[in-house]
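Listed below are the residues making up each chain.
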Amino acid sequence: MTNESLMEKIISLSKRRGFIFPSSEIYGGFESGYDYGPLGVELKNNLKKVWWKNIVQERKEIVGLDAAILMNPKVWEASGHLSAGFADCLVECKNCHKRFKETETGNRCPVCGGEFLPARKFNLMMKTYVGPIEDESAVTYLRAETCQGIYMNFLNVLNVSRLKIPFGIAQIGKSFRNEITPSNFIFRTREFEQMEMQFFVRPSEAEKWYEYWKKERLNWYLNLGIKKENIKLQEHKKEELAHYAKAGCDIVYHFPFGWQEIEGIHNRGDWDLSRHSKYSGQDLSYFDPITQERYIPYIIETSGGIDRALLTFLIDAYQEVKGGRTTTTKASKEVEVVLKLDKNLAPIKIAIFPLVKKEPLIKLAQEIYQDLKKYWLVDYDETDSIGRRYRRQDEIGTPYAVTIDFESINDQKVTVRDRDTMKQERVEIKNLRKYFFDKFYSF
Ligand code: GAP
């Protein structure tokens, strides 16, 4: 399979099975906008829950936050986002007037070979107005990163919790950037979601925590099944560092369109809290009861994109199997798609199949469905052959299928089939709930 065809297959599967649709499609779409369909929203929600469990739920020293998207515009002045640091260089073709990021093109237009007009700086902040009068005093911005909301609440969280340094604040939410060249499906869009965590540390310990979070975040992807050969850490050179960073690295993934960043880990030093102290006039320093010193904490940031991670998991999980995994002879001649998503990420957890569409199998299958759907997202399917039903579920990554056959009526057992090993085991109906509780996280 070529890289282009893999990307086309992911886009086509996403649309066909309801993971991701182009935005406003009946009006011809909206550049770089995408909507998550019934399966996509489940996958996205699971991704967020798995991150939240790992970062917030399982760590006593990290708490969550949900800050507003619209903030006082001074936030963005202080953060440096309104200045040259948060801008891309745009070049425009003299001939066809197509625009490109200067860093992503050569000396001539890749579309028509025309010459470029002189490069222009282009700020990425999305501007808007609050209130009814659209003048300069009403200008604000859609946030370009969620972490600024965390800095705004550093003192609030400190005052209401018993947290002491080192501690962290985590947030998931939408961010917006007026990207010049949105591209590669949901990889680079103008509206996207971030999962960010800011870890406040003693300056003398910043390097230690930076190393710690690099490993933690890489392992998170690996533990969720991303293949080792497709993911790595890439340290930034001094000249590549963002305007706020003392050190930084990316977690990069081997996409069909090359190695690209999916998450950044930065030692932001005291940049953020110092700048916000200066611009707001509020003292954002911290008195350390252990060292008896007052200082501006350093921040180690982990900043991932939900949409990019979702694309990563879809691509990495996609497999085509020739020769047939399912039982029907017709299907065995075809290429079958299996989405080997981690079972906690999979949109639908369990599929329930009565072997044939007949009583008393339907009644028993319905009873099992009614019980399990209280705990997980479960699908009930009684149409087509059992082979076809397996295929439909394999293609969307459902980890388990439960088949109710005539024997089930007598022995009160069902067959559970594992998506990856295709092993089948008989499980007593009365133990089914416990069987699945042992398989999945509870969020
Ligand atoms: N607070 C630091 C920060 O925002 P970043 O490297 O600009 O750092 C972090 O962004 C992550 O957000 C990226 O690694 C990527 O996953 C995601 N991201 C950034 N811009 C994006 C875009 N235009 N579309 C989709 N995801 C994006």
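Everything numeric in this text was worked out from a predicted model, so none of it was measured.

**A few points about the overall build of the protein**
Stage number 1. Helix and strand counts for the protein stand at 13 helices and 23 strands.
Stage number 2. For the protein, the spread of C-alpha atoms along the three principal axes comes to 75 × 65 × 50 Å.
Stage number 3. Here the protein holds 443 residues, and 51% of them are scored as buried.
Stage number 4. Contacts spanning at least 24 positions in sequence make up 64% of the contacts within the protein whose residues lie at least 6 apart.
Stage number 5. Surface exposure of the protein reaches about 21,500 Å², of which carbon and sulfur atoms provide 50%.
Stage number 6. For the protein, the separation between the mean place of its 67 positive charges and that of its 63 negative charges on side chains is 3 Å.

**Some words on the sheet that holds strand S20 (residues 378-380)**
Stage number 1. In spatial order, the strands read S20-S19-S21-S22-S23; together these five strands make up an open sheet with mixed pairing. Edge strands, defined here as strands with exactly one partner in the open sheet, are S20 and strand S23 (424-428). Across the sheet, the mean angle separating the axes of adjacent strands is 25° when strand polarity is ignored.
Stage number 2. Across three bridges, the pairing between strand S19 (residues 350-354) and S20 is parallel. Across the sheet, the residue bridging to Ala351 is Asp379, located in S20.
Stage number 3. Each of S19, S20, strand S21 (400-404) and strand S22 (413-418) is contacted by helix H10 (residues 361-372), which is oriented at about 165° to S19, the strand it contacts most.
Stage number 4. Packed on one face of the sheet, helix H11 (residues 386-396) meets S19, S20, S21, S22 and S23 and runs near 170° to S19.

**Points about the sheet that holds strand S16 (residues 298-305)**
Stage number 1. Reading across from one edge, S3-S9-S10-S16-S13-S12-S11 is the order of the seven strands in this open sheet, with mixed pairing throughout. For this open sheet the edge positions go to strand S3 (62-65) and strand S11 (231-235), each flanked by a neighbour on one side alone. Across this sheet, the average inter-strand angle for adjacent strands is 25°, counted without regard to direction.
Stage number 2. The pairing of strand S12 (residues 247-255) with strand S13 (residues 258-269) spans nine bridges and is antiparallel.

**Points about the site of the ligand**
Stage number 1. Every one of the 21 residues lining the ligand counts as a neighbour, but Glu145, Arg177, Thr189, Glu196 and Glu261 are closest to it.
Stage number 2. A distance of 3.0 Å separates an oxygen atom of the ligand from a polar side-chain atom of Gln194.
Stage number 3. In this structure, Glu301 approaches the ligand through a side-chain N or O atom, which is 2.8 Å from a nitrogen atom.
Stage number 4. Breaking the shell around the ligand down by element, the ones donating at least two residues are strand S10 (191-201), S13 and S16.
Stage number 5. Considering every element that reaches the shell around the ligand, the biggest residue donor is S13, with five residues.
Stage number 6. Broken down by class, the residue content of the shell around the ligand amounts to five nonpolar, six polar and 10 charged.

**Section: the nonpolar core**
Stage number 1. If you look at the biggest cluster of nonpolar residues, it comprises 57 residues, and the most contacted ones within it are Trp213, Trp220, Tyr221, Leu311 and Phe313.
Stage number 2. Among the elements that line this core, the one with the most residues is helix H8 (residues 306-317), at eight residues.
Stage number 3. With sequence-adjacent residues up to four places away left out, Trp220 is seen in contact with Leu47, Val50, Trp51, Asn54, Met195 and Phe313.
Stage number 4. One finds Ile350, Leu364, Leu372 and Val427 within the second-largest nonpolar core, a separate group that totals 23 residues.

**A closer look at the state of the cysteines**
Stage number 1. The tally for this structure, following the rule as stated, stands at zero disulfides.
Stage number 2. Left unpaired, Cys89 is separated from the closest cysteine sulfur, that of Cys109, by 17 Å.
Stage number 3. In this structure Cys89 comes out as partly exposed when scored by relative accessible area, which is 25%.
Stage number 4. Not engaged in a disulfide, the cysteine Cys96 finds its nearest cysteine sulfur in Cys109; these two sulfurs lie 3.8 Å apart.
Stage number 5. On the basis of relative accessible area, Cys96 is assigned to the partly exposed category, the value being 29%.

**Some points on the pattern of salt bridges**
Stage number 1. Under the definition given, this model contains 37 salt bridges.
Stage number 2. The partner of Lys48 in a salt bridge is Glu193, and the shortest N-O contact between them spans 2.8 Å. Taken as a pair, Lys48 in helix H2 (residues 38-57) and Glu193 in strand S10 lie far apart in primary sequence, 145 residues in all.
Stage number 3. Look at Glu193 and you get buried, because its relative accessible area is 8%.
Stage number 4. In this structure, Lys227 and Asp316 form a salt bridge, with 3.5 Å as the shortest nitrogen-oxygen distance. Within this pair, whereas Lys227 is found in the loop between helix H6 (206-223) and S11, its partner Asp316 is found in helix H8, the two being separated by 89 residues in sequence.
Stage number 5. Connected through shared salt-bridge partners, Lys44, Lys48, Glu193 and Asp307 make up one network.

**Overview of the packing of aromatic side chains**
Stage number 1. Enumeration over the complete set of coordinates arrives at 29 aromatic pairs.
Stage number 2. Taking the centre distance of 5.3 Å and the plane angle of 70° together, the rings of Phe187 and Phe257 count as edge-to-face. Here the residue Phe187 occupies a position in the loop between strand S9 (167-176) and S10, and Phe257 occupies one in the loop between S12 and S13, the gap between them amounting to 70 residues.
Stage number 3. Judged by relative accessible area, which is 5%, Phe187 ranks as buried.
Stage number 4. When its relative accessible area of 23% is taken as the criterion, Phe257 is described as partly exposed.
Stage number 5. Between the aromatic rings of Tyr435 and Phe436, the centroid separation amounts to 5.1 Å while the plane-to-plane angle is 85°, which identifies the pairing as edge-to-face. Phe436 carries the same exposure label as Tyr435, and that label is buried.
Stage number 6. Aromatic rings pair up to connect Tyr375, Trp376, Tyr400, Tyr435, Phe436, Phe437 and Phe440 into one cluster.
Stage number 7. The ring centre of Tyr441 lies 4.6 Å from the NZ or CZ of Lys53, which sits over that ring.
Stage number 8. The ring of Trp259 is capped by Lys232, whose NZ or CZ atom sits 4.2 Å from the centre of that ring.

Scoring rules and cut-offs
- Residues numbered from 1 in each chain as written.
- Predicted model: local features only at pLDDT ≥ 70, side-chain atom pairs only at ≥ 80, totals over all residues.
- Heavy atoms only, no water.
- Helix = DSSP H or I, 4+ residues; strand = E, 2+ residues; numbered from the N terminus.
- Buried < 20%, exposed > 50% of the residue type's maximum accessible area, 1.4 Å probe, protein only.
- Contact = heavy atoms within 4.5 Å.
- Areas by Shrake-Rupley, 256 points an atom, 1.4 Å probe, with all protein chains shown as cover.
- Lys, Arg positive; Asp, Glu negative; His and termini not counted.
- Charge placed at Lys NZ, Arg CZ, Asp CG, Glu CD.
- Pairing = 2+ DSSP bridges.
- Axes fitted to C-alpha atoms, helices over the stretch in contact; angles between N-to-C directions.
- Near = heavy atom within 4 Å.
- Polar contact = N/O pair within 3.5 Å; in protein donor to acceptor, adjacent residues only side chain to side chain.
- Nonpolar A, V, L, I, M, F, W, Y, C, P; charged D, E, K, R; others polar.
- Core = buried A, V, L, I, M, F, W, Y, C linked by side-chain atoms within 4.5 Å.
- Disulfide = S-S within 2.5 Å.
- Salt bridge = Lys/Arg side-chain N within 4 Å of Asp/Glu carboxyl O.
- Phe/Tyr/Trp six-rings, centres within 6.5 Å; stacked < 30°, edge-to-face > 60°.
- Lys NZ or Arg CZ within 6 Å of the ring centre and 35° of its normal.

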